[in-house]
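Tertiary structure, described
If you want the building blocks of each chain, they are given just below.
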2 protein chains.
Amino acid sequence: MSGILTVTFQAGASGGWRIVRNQAVLGEGLPTADRLAMYGGFPNKDVAAAFELHGVVSHPRYATEQELARLRPLSAPLGRAEARCAALIPIGKSEDWWRLGQDRRRAVFEETSRHTARSLRYLPAVARQLHHCRDLGGPFDFLTWFEYAPEHADAFEELVAELRSTEEWRYVIREVDLRLEKLD
Amino acid sequence: MSGILTVTFQAGASGGWRIVRNQAVLGEGLPTADRLAMYGGFPNKDVAAAFELHGVVSHPRYATEQELARLRPLSAPLGRAEARCAALIPIGKSEDWWRLGQDRRRAVFEETSRHTARSLRYLPAVARQLHHCRDLGGPFDFLTWFEYAPEHADAFEELVAELRSTEEWRYVIREVDLRLEKLD
């Protein structure tokens, strides 16, 4: 119980991040907007938003104890001064994925696609936070969020391209790629 | 994406089930009420309720492909005419549980506690539906729901007692046991 942090992403005329790319990678895209606000809690309904998404920071779904022991000390916090680039990549997976047994999903996620192993190589340069939203009934299953310094932008592109080439991504049916720059 | 069914349990003066027991097993209990309504969708805010809980029917979290292949054909639907007894057992687990790696949670759930294997022996007599609510930020992590004919009431008590004796239950920090009888 508890331990759940709700996070809202609200796109519109205000917010601490400038949207520099908004690309529909798979399926329907998201409306264009100038800025993105990211904050704890549920969407502020008094703000006119181009779109708003929310998810929760929840418990690990595939990582083993051993993987967590490697991930946790290497993971960087959000909000580092040098991390002036960010990516918000909302993702939806197919019903075929969600009907699989846990063993099969784990095998595709890690043993075949090496999701955690690949990501580890980019830590701590890329800070990451995963927001779950499938159980919230939203239009996506995950809102993935990354922060990195400009000198790691190429490395981040490499990671994204690698993940998109994996077996896991054959179950992705909707993906939008938003890139952001921090405003002063 | 999609595939998510929201279910509300609303206790008060109306509803198709009479509440015949309302017992705090671990931690805080729930207010007393005469009846319980169970319906698809979010809580109806126009109804004065003693309490209302909602959760989502979501994907399997621990069951393997092999276990699902045994579970799915044996699972009975809700709403059988003879299933005049029901149980709503909301459960909350500790932060210690949620911080564990997936491999460790799986091991406690099945290899040690034999949750699925034990439950299989009571199918199809006991129909069951699991509602997840941890990601919804509610006061419980799960709302477990069972329906059975009066002649299987003893068997159901046996299953509940067995599960409460397992290692998995050492991570349960809140549990309320509501028993219900169908109204005509």
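To be clear, the structure that these remarks concern was listed above.
Structural notes, computed from the coordinates. (Residues numbered from 1 in each chain as written. Chains lettered and ligands numbered in written order. Predicted model: local features only at pLDDT ≥ 70, side-chain atom pairs only at ≥ 80, totals over all residues. Heavy atoms only, no water.)

This part covers the overall build of chain A. Looking only at helices and strands, one finds five helices and eight strands in chain A. Projected onto its principal axes, the C-alpha positions of chain A cover 45 × 35 × 35 Å. The contacts of chain A with a sequence gap of at least 6 include a subset with a gap of at least 24, amounting to 78%. Approximately 8,300 Å² of chain A is accessible, and the part contributed by carbon and sulfur atoms is 52%. Counting 24 positive and 26 negative side-chain charges, chain A places the centres of these two groups 2 Å from one another. (Helix = DSSP H or I, 4+ residues; strand = E, 2+ residues; numbered from the N terminus. Contact = heavy atoms within 4.5 Å. Areas by Shrake-Rupley, 256 points an atom, 1.4 Å probe, with all protein chains shown as cover. Lys, Arg positive; Asp, Glu negative; His and termini not counted. Charge placed at Lys NZ, Arg CZ, Asp CG, Glu CD.)

Glancing now at the packing of aromatic side chains. In this structure the tally under the stated criterion is 18 aromatic pairs over all chains. Between Trp-17 of chain A and Trp-145 of chain A, the aromatic rings sit 5.5 Å apart at their centres with planes inclined by 80 degrees, giving edge-to-face as the arrangement. Within this pair, whereas Trp-17 of chain A is found in strand E2 (residues 17–26), its partner Trp-145 of chain A is found in strand E7 (residues 142–148), the two being separated by 128 residues in sequence. Looking at Trp-17 of chain A, the relative accessible area reads 8%, which means it is buried. Aromatic ring contacts, followed pair by pair, group Tyr-62, Trp-97, Trp-98, Phe-109, Phe-142 and Tyr-171 of chain A into a single cluster. Between Lys-93 of chain B and the ring centre of Trp-97 of chain B, over which it is positioned, the NZ or CZ distance is 4.0 Å. (Phe/Tyr/Trp six-rings, centres within 6.5 Å; stacked < 30°, edge-to-face > 60°. Buried < 20%, exposed > 50% of the residue type's maximum accessible area, 1.4 Å probe, protein only. Lys NZ or Arg CZ within 6 Å of the ring centre and 35° of its normal.)

Often, the extent of an interface is quoted as the loss of accessible area upon association of its parts. Each side of the interface is counted separately: chain B has 35 residues, and chain A has 35 residues. Between chain B and chain A, the buried area comes to about 2,800 Å², and carbon and sulfur atoms account for 47% of it. Across the chain B-chain A interface, the total number found is two salt bridges. Here Arg-61 of chain A and Asp-135 of chain B are joined by a salt bridge, their closest N and O atoms 3.0 Å apart. (Buried area = accessible area lost by both parts, 1.4 Å probe. Salt bridge = Lys/Arg side-chain N within 4 Å of Asp/Glu carboxyl O.)

Looking now at the layout of surface pockets. Over the atoms, a rolling probe the size of a water molecule traces out where space has been left empty. One number sums up the size of the second largest pocket: a volume of about 260 Å³. Every residue lining the second largest pocket is counted, 16 residues in all, and those nearest its centre are His-54 and Leu-136 of chain A together with Phe-42, His-54 and Leu-136 of chain B. Only strand E4 (51–57) of chain A together with strand E4 (51–57) of chain B provide two or more residues apiece to the lining of the second largest pocket. In terms of residue class, the lining of the second largest pocket is built from eight nonpolar, six polar and two charged. (1 Å grid on protein atoms, 1.4 Å probe; cavity = no way out; pocket = protein on both sides within 12 Å on 5 of 7 lines; lining within 4 Å. Points joined across faces, edges and corners; volume = space filled by probe spheres on them. Nonpolar A, V, L, I, M, F, W, Y, C, P; charged D, E, K, R; others polar.)

Turning to the pairing of E2 of chain A, a few remarks are in order. All names here are of chain A. Note: E2 against strand E3 (residues 35–40), two bridges, orientation antiparallel. If you follow Arg-18 over to E3, its bridge partner there is Arg-35. As paired elements, E2 and strand E8 (residues 172–182) share eight bridges and run antiparallel to each other. Note on E8: the bridge partner recorded for Arg-21 is Arg-179. (Pairing = 2+ DSSP bridges.)

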